[in-house]
Amino acid sequence: FVSNDAARRPGGGHMKQVACYMQPHRGGGVARHAAEIARRLFARPDVSGTVFVSRHEARKYPQFASRLSGVPIRPHPLPENLMERGWKLTRWPPFPISLADFDVLYSPVEQRFPRCRIPTLMTVHDVQGLEPNLPWSATPAHRRFRSRRSTCGRPQTEAPPTAPLRRIDRRR
């Protein structure tokens with residue numbers, strides 16, 4: 001992690017303050033990966049911070065906290081589904097906690113956040129959803145997949161230009 005204000009921290013320390021936004025309802029491999037990333041991140045001696053989750057989701061999925069043993073978890077009052085839909089469509093409401101004391105906002109899953117004044121990092125698990133030139137890109141299922149990861153019908157990020165993919169012949 002790189003922070004422009006590390007030298008300005010009281011005492012001149014290089015401790016990075018990380019706000020980690022997580023979704024307790026995510027299951028399977030993504031959930032295990034997200035929990036492991038958060039556990040390892042907060043185990044570093046140069047990192048501290050907090051995992052933020054919706055209070056409603058934290059109550060609904062109590063096993064979530066057990067995956068993050070030793071990691072500080074702070075519930076916020078806003079319902080996750082409503083908040084994330086607002087972020088996707090309008091980048092509103094603002095993040096439910098003040099990010100003024102943090103160096104970076106991290107999400108171990110792809111998420112559209114409201115604008116904030118600190119760098120935002122995230123892990124994208126399904127990159128194929130951002131690629132418009134795949135043989136199946138025009139299918140209804142892929143268009144729905146892409147629309148869930150877009151704002152107003154536009155992809156969140158533009159995929160890098162790639163050479164045209166050739167169709168795989170499955171008859172062999």
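Residues numbered from 1 in each chain as written. Predicted model: local features only at pLDDT ≥ 70, side-chain atom pairs only at ≥ 80, totals over all residues. Heavy atoms only, no water.

A.B. asks: Break down the overall build of the protein for me, citing the residues and quoting the values.
C.D. replies: Across its full length, the protein carries five helices and seven strands. Evaluated residue by residue, the protein yields a buried proportion of 36% over its 172 residues. Across the protein, contacts joining residues at least 24 apart in sequence account for 53% of those joining residues at least 6 apart. (Helix = DSSP H or I, 4+ residues; strand = E, 2+ residues; numbered from the N terminus. Buried < 20%, exposed > 50% of the residue type's maximum accessible area, 1.4 Å probe, protein only. Contact = heavy atoms within 4.5 Å.)

A.B. asks: For the nonpolar core, give the residues involved together with the corresponding values.
C.D. replies: One finds Val18, Cys20, Met22, Phe42, Val51 and Leu68 to be the most contacted residues of the largest nonpolar core, which totals 16 residues. Elements with a minimum of two residues in this core: β1 (16–21), α1 (28–43), β2 (47–54) and β4 (104–107). The greatest single-element share of this core, amounting to five residues, is contributed by α1. Setting aside residues up to four positions removed in sequence, Val18 forms contacts with Leu41, Phe42, Val47, Ser48, Gly49, Thr50, Phe102, Val104 and Tyr106. Grouped together as the second largest cluster of nonpolar side chains are twelve residues, Phe95, Ile97, Leu99 and Ile118 included. (Core = buried A, V, L, I, M, F, W, Y, C linked by side-chain atoms within 4.5 Å.)

A.B. asks: So what's going on with α1? Residues and values would help.
C.D. replies: Within an α-helix, residues lying three or four positions from one another point in the same direction, as the helix has 3.6 residues per turn. With 16 residues, α1 extends 23 Å between its outermost C-alpha atoms, agreeing within 8% with the 22 Å of an ideal straight helix rising 1.5 Å per residue. Among the residues making up α1, those that are buried are Ala31, Ala34, Ala35, Ala38, Leu41 and Phe42. The arc enclosing the buried residues of α1, seen along the axis, measures out at 135 degrees, which places them on a common side. Projecting away from the buried face of α1 at angles above 90 degrees are the exposed residues Arg32, Arg40 and Ala43. Its buried side turned inward, α1 meets β1, β2, α3 (63–67) and β4. (Expected span 1.5 Å × (residues − 1). Arc of directions from axis to C-beta.)

A.B. asks: Give a description of the side chain of Ser137 that names residues and reports values.
C.D. replies: Relative to the helices and strands, Ser137 is located in the loop between β5 (120–122) and α5 (140–148). The exposure class of Ser137 is buried, given its relative accessible area of 10%. A polar side-chain atom of Ser137 sits 2.9 Å from the main-chain amide nitrogen of Leu134. Those residues in contact with Ser137 that sit more than four places away from it in its chain are Glu131, Pro132, His142 and Arg143. (Polar contact = N/O pair within 3.5 Å; in protein donor to acceptor, adjacent residues only side chain to side chain.)

A.B. asks: Would you mind going over the sheet that holds strand β3 (residues 73–76) in detail, with residue names and values included?
C.D. replies: Ordered in space as β3-β2-β1-β4-β5, the five strands form an open sheet in which the pairing is parallel. In the strand order of this sheet, the two ends are held by β3 and β5, each with one partner. Across the sheet, the mean angle separating the axes of adjacent strands is 25 degrees when strand polarity is ignored. Here β1 runs beside β2; their pairing, made up of six bridges, is parallel. Bridge pairing in β2 links Cys20 to Val51. Strands β1, β2 and β3 of the sheet are contacted by helix α4 (residues 80–90), whose axis makes an angle of about 105 degrees with β1. (Pairing = 2+ DSSP bridges. Axes fitted to C-alpha atoms, helices over the stretch in contact; angles between N-to-C directions.)

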